[in-house]
Amino acid sequence: MRLQLNGAPIAAQAATLAELLDAYGFANAKVATAVNGKFVPATDRADYALSNGDQVEILAPMQGG
Amino acid sequence: MRDFYGTALPGGLMLGTAQYPSPAILADAFRRSGASVATVSLRRESGQDRAGQDFWRLISDLGVRVLPNTAGCHTVKEAVTTAHMAREVFDTPWIKLEVIGDADTLQPDVFGLVEAARILTADGFQVFPYTTEDLVVADRLLDAGCEVLMPWGAPIGSGLGLNNIFGLRALRAHFPDVPLVIDAGLGLPSQAAHAMELGFDAVLLNTAVAAAGDPAAMAEAFALAIRAGQLAAHADPMEPRDMAAPSTPLLGKAFLG
């Protein structure tokens, strides 16, 4: 399955958003997720099935004004 | 003292966390500023270095309240989605709502701002809207459920200070019970003192401290200026007058000439 992860194309085996985060080492990280522009709460990641072409965003705390 | 969604912020300073020369200098600036709120953001987590996780540990150690922003959002949808993501990551209902309408001035899109504020307030957020000093927009934001207003002093990062004193004074007079924060555009501590003298409850700044040659010293300078402005505002300043009025008594003046 081909996805966009934070704007970069990837080939992923993950069936769900939770599996994708796990595969990329974000399982226990302080991050928030969105797929195709919609927020996906942490509690929904395990049940969120990914589809070919999905655009996944993984955001983390960052400096801001 | 007016509070911010039930939280008192006696120091009157909200300080940004961007553009510091190093994490250590950021921490030092916060210590010397006495700021009780740190503004933060959300961005894509980079591959291996996990900068976001390190940054979060740094902020957690400051012992201040965090105010996440929606900086860089140009649409209501972007801002609302970012707010939801920020609420989950930072575990706070507070959101500094920015909906940018112009790329050159970073002026808020006040129409989108009101719409996003209404959506987020209905969803349980406590919204700190980055707005202009426009009275009608302020009214609409309050109608949308905002209990705090954050008018700009000048464009973000410009350091120009308070560009519309009349408008800011009018805003203060029209909404005497609403907590008001000058957000953006301050460059010098004297400008922060002026904001507080006008009766504003706090200032929010970032670049003026972070881009100073000595950020920690500048942070302390802002803290002192804010304190001076607070004291002055509560001391009931005299009314300016057009004509001179001698301060030294004339009674008893010797005839010497």
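In short, a report on the structure.

Cut-offs applied
Residues numbered from 1 in each chain as written. Chains lettered and ligands numbered in written order. Predicted model: local features only at pLDDT ≥ 70, side-chain atom pairs only at ≥ 80, totals over all residues. Heavy atoms only, no water. Helix = DSSP H or I, 4+ residues; strand = E, 2+ residues; numbered from the N terminus. Rg over C-alpha atoms; globule rule 2.2 N^0.38 Å. Buried < 20%, exposed > 50% of the residue type's maximum accessible area, 1.4 Å probe, protein only. Contact = heavy atoms within 4.5 Å. Areas by Shrake-Rupley, 256 points an atom, 1.4 Å probe, with all protein chains shown as cover. Lys, Arg positive; Asp, Glu negative; His and termini not counted. Charge placed at Lys NZ, Arg CZ, Asp CG, Glu CD. Salt bridge = Lys/Arg side-chain N within 4 Å of Asp/Glu carboxyl O. Buried area = accessible area lost by both parts, 1.4 Å probe. Polar contact = N/O pair within 3.5 Å; in protein donor to acceptor, adjacent residues only side chain to side chain. Phe/Tyr/Trp six-rings, centres within 6.5 Å; stacked < 30°, edge-to-face > 60°. Lys NZ or Arg CZ within 6 Å of the ring centre and 35° of its normal.

Notes on the overall build of chain A
- Summing up its helical and strand segments, chain A has one helix and five strands in all.
- Of the regular secondary structure in chain A, the N- to C-terminal order runs β-β-α-β-β-β.
- Relative to a compact globule of 65 residues, whose C-alpha radius of gyration would be 11 Å, chain A shows 11 Å and is just as compact.
- With the C-alpha coordinates aligned to their principal axes, the bounding extent of chain A is approximately 35 × 25 × 20 Å.
- Across the 65 residues that make up chain A, the buried fraction comes to 43%.
- For chain A, the proportion of contacts with a sequence separation of at least 24, taken over those separated by at least 6, is 55%.
- Entry remark: accessible area of chain A is about 3,200 Å², with carbon and sulfur atoms responsible for 47%.
- Looking at chain A, you have 4 positive and 6 negative side-chain charges, and the mean spots of the two groups are 6 Å apart.

Concerning the pattern of salt bridges
Residues and elements named next belong to chain B.
- Enumeration according to the criterion identifies nine salt bridges over all chains in this entry.
- With a closest N to O distance of 2.8 Å, Glu220 and Arg32 form a salt bridge. Within this pair, whereas Glu220 is found in helix 9 (residues 215–234), its partner Arg32 is found in helix 1 (residues 23–33), the two being separated by 188 residues in sequence.
- With relative accessibility at 30%, the residue Glu220 sits in the partly exposed group.
- Across the pair Arg87 and Asp123 runs a salt bridge whose closest N-O atoms are separated by 3.8 Å. Separated by 36 residues along the polypeptide, Arg87 in helix 3 (residues 76–90) and Asp123 in the loop between helix 4 (110–122) and strand 5 (126–131) bring together distant segments of the chain.
- Note on Arg87: relative accessible area 26%, which makes it partly exposed.
- Looking at Asp123, the relative accessible area reads 36%, which means it is partly exposed.
- Overlapping salt bridges bring together Arg2, Arg172 and Asp201 as one network.

Considerations on the interface of chain B and chain A
- Counting residues at the interface gives 27 residues for chain B and 25 residues for chain A.
- Among the residues chain B hides against chain A, the three largest losses belong to B:Arg44, B:Met85 and B:Glu88. Together they make up 28% of the total.
- Counting every contact that joins chain B to chain A gives two salt bridges.
- One salt bridge in this structure joins B:Arg44 and A:Glu57, with 2.7 Å as the shortest N-O distance.
- Here chain B is connected to chain A by 17 residue pairs in polar contact (both at pLDDT 80 or more).
- Of all the secondary structure elements, the ones that give two or more residues to the side of chain B that touches chain A are strand 2 (37–44), helix 2 (51–62) and helix 3 of chain B.

Describing the packing of aromatic side chains
Residues and elements named next belong to chain B.
- On inspection of all chains with the given rule, the structure shows four aromatic pairs over all chains.
- Seen in terms of ring centroids, Tyr5 and Phe128 are 5.4 Å apart; in terms of plane orientation they differ by 55°. Their pairing is tilted. Within this pair, whereas Tyr5 is found in the segment before strand 1 (13–16), its partner Phe128 is found in strand 5, the two being separated by 123 residues in sequence.
- Aromatic side chains Trp94 and Phe128 sit 4.8 Å apart centroid to centroid with 50° between the ring planes, which places their arrangement in the tilted category. Note that Trp94 is positioned in strand 4 (residues 94–97) and Phe128 in strand 5, a separation of 34 residues in sequence. Per residue, the accessibility class of Trp94 equals that of Phe128, and both read buried.
- Through successive ring pairs, a cluster of aromatic residues spans Phe4, Tyr5, Trp94 and Phe128.
- Across from the ring centre of Trp94, 3.8 Å away, lies the NZ or CZ of Arg65, which sits over that ring.

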